[in-house]
Amino acid sequence: MLELLSEHACFGGVQRFYRHDAQAIGLPMRFSVFIPAGAQDAKADKKHPALFYLAGLTCTEETFMIKGGAQRVAAEEGLVLIAPDTSPRGANIAGESESWDFGAGAGFYVDATEAPWSSHYRMYSYLLELRTLLVQELGIDPQRTGIFGHSMGGHGALVLALRNPHLFRSVSAFAPIAAPSQCAWGKKAFTGYLGSDESSWQKYDASALVRSRQGKQPLFPNGILIDQGLADKFLPEQLFPEVFEAACCDANQPLQLRRHAGYDHGYYFIATFMEEHLRFHARNLR
């Protein structure tokens, strides 16, 4: 059951914010949806393509819809946009709000296996649950779903797509944490959520997932799109797009990794290239 919290007219469609009881999380979760004109009747014969956006550290379900500048182009392309929150809220786990890069606002899109996080921090399964729910409740086309994200969310988008290419036909990212097993953010999150056995981390590391496919057919023959700002202060020590690039080369996975001088890690960078990402997904989902 979806609880509609608010609705706002936007580019001929509607911007909505919802809350629902998430089984994978065991708590209420919030998400936002932009629905273009003509896609508001879940019972209509025509199903519309949908694009999930996963936000980065400290963000909520509101961040992308307010800052991303995506609704105008989504309206033109007939794309439903969906943005979930970045972690459970109200789990009341000791220490969950002490660090900006772990706990609340930093679920890292994994299913935690370590107590006490394993009781609620199951964002990977939650995203799959949410996709199924919205196919049923909002009538999105299950055959035309894509995913993209930023930073921690770029990591999540790559992992969700690489592990579920039958569910997500198109994938892109802005400044993703592309090799989390090798950076401080990823090591902190993976140790806390998954434990110290690094072999258990590999299924949530996009570079490792691509590398494991050497000798196989590419999962995304139309390519993966990544944009990275070269003035991004997190680039040298946290993001490692070059590791993902090398893995894609070794596995013959087409990748368009675009490096942009002068751009940093924030939403001015994201908004600059948002239209190109939406057009990329629209072509793949037609």
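Heads up: the structure comes first, above all this text.
First things first, this report covers the structure right here in the doc. (Residues numbered from 1 in each chain as written. Predicted model: local features only at pLDDT ≥ 70, side-chain atom pairs only at ≥ 80, totals over all residues. Heavy atoms only, no water.)

**Quick notes on the pattern of salt bridges**
The cut-off we apply is this: By salt bridge we mean one thing: a side-chain nitrogen of Lys or Arg within 4 Å of a carboxyl oxygen of Asp or Glu. Helix numbers and strand numbers start at the N terminus; a helix is a DSSP run of H or I with at least 4 residues, a strand a run of E with at least 2.
According to the stated counting rule, one finds 15 salt bridges in the structure shown. With its nearest N and O atoms 2.7 Å apart, the salt bridge here joins Lys-188 to Asp-101. Of the two residues, Lys-188 is situated in helix H5 (residues 184–194) and Asp-101 in the loop between strand S5 (80–84) and helix H3 (123–137); the sequence distance between them amounts to 87 residues. Here Glu-276 ties to Arg-258 by a salt bridge, and the two come within 2.6 Å at their closest N and O atoms.

**So, the nonpolar core**
This is how it is decided: Joining through side-chain atoms within 4.5 Å is the link that ties buried Ala, Val, Leu, Ile, Met, Phe, Trp, Tyr and Cys residues into a set, and such a set is a nonpolar core. Each residue is placed in one exposure class: buried if its accessible area under a 1.4 Å probe, protein chains only, is under 20% of its type's maximum, exposed if it is over 50%, and partly exposed if it falls in between. What makes two residues a contact is simply this: any of their non-hydrogen atoms within 4.5 Å.
Within the largest apolar cluster, 100 residues are counted, with the highest numbers of intra-cluster contacts made by Phe-64, Ile-82, Phe-108, Tyr-126, Tyr-193 and Phe-244. The element best represented in this core is helix H9 (residues 267–285), accounting for 8 residues. Discounting chain neighbours no more than four positions away, the residues touching Phe-64 are Tyr-53, Gly-69, Ala-70, Leu-81, Ala-83, Phe-148, Tyr-267 and Met-274.

**What about the pairing of strand S3 (residues 27–35)?**
Condition: Two strands qualify as a pair provided that DSSP identifies no fewer than 2 bridges between them.
Among the 9 residues in S3, 7 count as buried, and that is most of the element. Pairing geometry for strand S2 (residues 13–22) and S3, over 9 bridges, is antiparallel. Bridging from a neighbouring strand, Phe-17 pairs with Ser-32 of S3. Hairpin connection between S2 and S3: a loop of 4 residues separates the two successive antiparallel strands, and Gly-26 in this loop has a positive phi of roughly 80 degrees. Across 4 bridges, the pairing between S3 and S5 is antiparallel. Looking across to S5, one finds that Phe-31 is bridged to Pro-84.

**So, H3**
Using the following cut-off: A helix is expected to span 1.5 Å for every residue after the first.
Taking 1.5 Å of rise per residue, 15 residues should cover 21 Å, and H3 covers 20 Å from first to last C-alpha, within 8% of that figure. Within H3, burial applies to Met-123, Tyr-124, Tyr-126, Leu-127, Glu-129, Leu-130, Arg-131, Leu-133 and Leu-134. Looking at the packing, one finds that the buried side of H3 touches S2, S3, strand S4 (48–54), S5, strand S6 (140–150) and helix H4 (152–163). With its phi angle positive at about 70 degrees, Gly-139 sits one or two positions after the end of H3.

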